[in-house]
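# A closer look at the structure
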Amino acid sequence: QVQLVESGGGLVQPGGSLTLSCVASGNIFMISTMGWYRQNPGQQRELVAVITRDGKTNYADSVKGRFTISRDNAKNTVYLQMNSLKPEDTSVYYCNTRSRGDITSWGQGTQVTVSS
């Protein structure tokens, strides 16, 4: 019932910044949490950041202090502001929502590449 579309990925130099956006549509009233995950080839998908409807956030230790997750409930949009990017941040980033009844939705993924 929830469809997610990410945008904002691309190529950035180390130390640079990038902001990802994810717009949710469908039954947005069911959404409880929104978050960002990332996955590299041959590795498990890992949580980057998550935010509740009332604004409570949690971050992976590897991005804490550099990334900021936020959401605009009126626009049904979640953002991931990424600062001080490192080559190890290179990954495919996926938007995620969790709705009532533990229903999980995923975006199609957007590539973030940090390289000189």
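Residues numbered from 1 in each chain as written. Predicted model: local features only at pLDDT ≥ 70, side-chain atom pairs only at ≥ 80, totals over all residues. Heavy atoms only, no water.

Now for the sheet that holds strand β7 (residues 67–72). With respect to topology, four strands assemble into an open sheet ordered β1-β3-β8-β7, the strand pairing being antiparallel. Lying at the two open borders of the sheet, with one neighbouring strand each, are β1 (2–7) and β7. Within the sheet, the average angular offset between the axes of one strand and its neighbour, ignoring direction, is 15°. (Pairing = 2+ DSSP bridges. Helix = DSSP H or I, 4+ residues; strand = E, 2+ residues; numbered from the N terminus. Axes fitted to C-alpha atoms, helices over the stretch in contact; angles between N-to-C directions.)

A few words now on the nonpolar core. In terms of nonpolar packing, the biggest core is built from 27 residues, with W36, L80, M82 and Y93 touching the most fellow members. Ranked by residues supplied to this core, first place goes to strand β3 (residues 18–26) with four residues. When sequence neighbours within four positions are dropped, the list of residues in contact with M82 reads G16, S17, L18, L20, R66, F67, Y93 and V112. (Core = buried A, V, L, I, M, F, W, Y, C linked by side-chain atoms within 4.5 Å. Buried < 20%, exposed > 50% of the residue type's maximum accessible area, 1.4 Å probe, protein only. Contact = heavy atoms within 4.5 Å.)

In this section: the state of the cysteines. A complete count under the given rule lists one disulfide for this structure. There is a disulfide in this structure between C22 and C95, and the S-S distance comes to 2.1 Å. Because the torsion about its S-S bond is -85°, the bridge between C22 and C95 counts as left-handed. Note that C22 is positioned in strand β3 and C95 in strand β9 (residues 91–99), a separation of 73 residues in sequence. The burial state of C22 is the same as that of C95; both residues are buried. (Disulfide = S-S within 2.5 Å.)

When β1 meets β3, the two strands line up antiparallel, connected through six bridges. Residue V2 lies in a different strand from β3, and its bridge partner there is G26.

Looking now at the pattern of salt bridges. Evaluation of the coordinates by the stated rule reveals five salt bridges. Close ionic contact of R98 with D102 constitutes a salt bridge, the shortest N to O distance being 2.6 Å. Taking the relative accessible area as the measure of exposure, R98 reaches 32% and is therefore partly exposed. Salt bridges sharing common partners tie together R38, E46, R66 and D89. (Salt bridge = Lys/Arg side-chain N within 4 Å of Asp/Glu carboxyl O.)

Turning to the environment of L4, a few remarks are in order. Considering the arrangement of structural elements, one finds L4 in strand β1. Separated by 56 residues in sequence, L4 and A60 place their C-alpha atoms 22 Å apart. Excluding anything up to four places from it in sequence, L4 contacts C22, V23, A24, C95, N96, T97, S105, W106, G107 and Q108.

What follows concerns the side chain of S91. Residue position: S91 is located in strand β9. On the basis of relative accessible area, S91 is assigned to the buried category, the value being 2%. Within the local environment of S91, its side chain forms a polar contact with the backbone nitrogen of Q39, the two atoms lying 3.0 Å apart. At a separation of 3.2 Å, a polar atom in the side chain of S91 contacts the side chain of N40. Once residues lying within four places of it in the same chain are set aside, the contact partners of S91 are R38, Q39, N40, T110, Q111 and V112. (Polar contact = N/O pair within 3.5 Å; in protein donor to acceptor, adjacent residues only side chain to side chain.)

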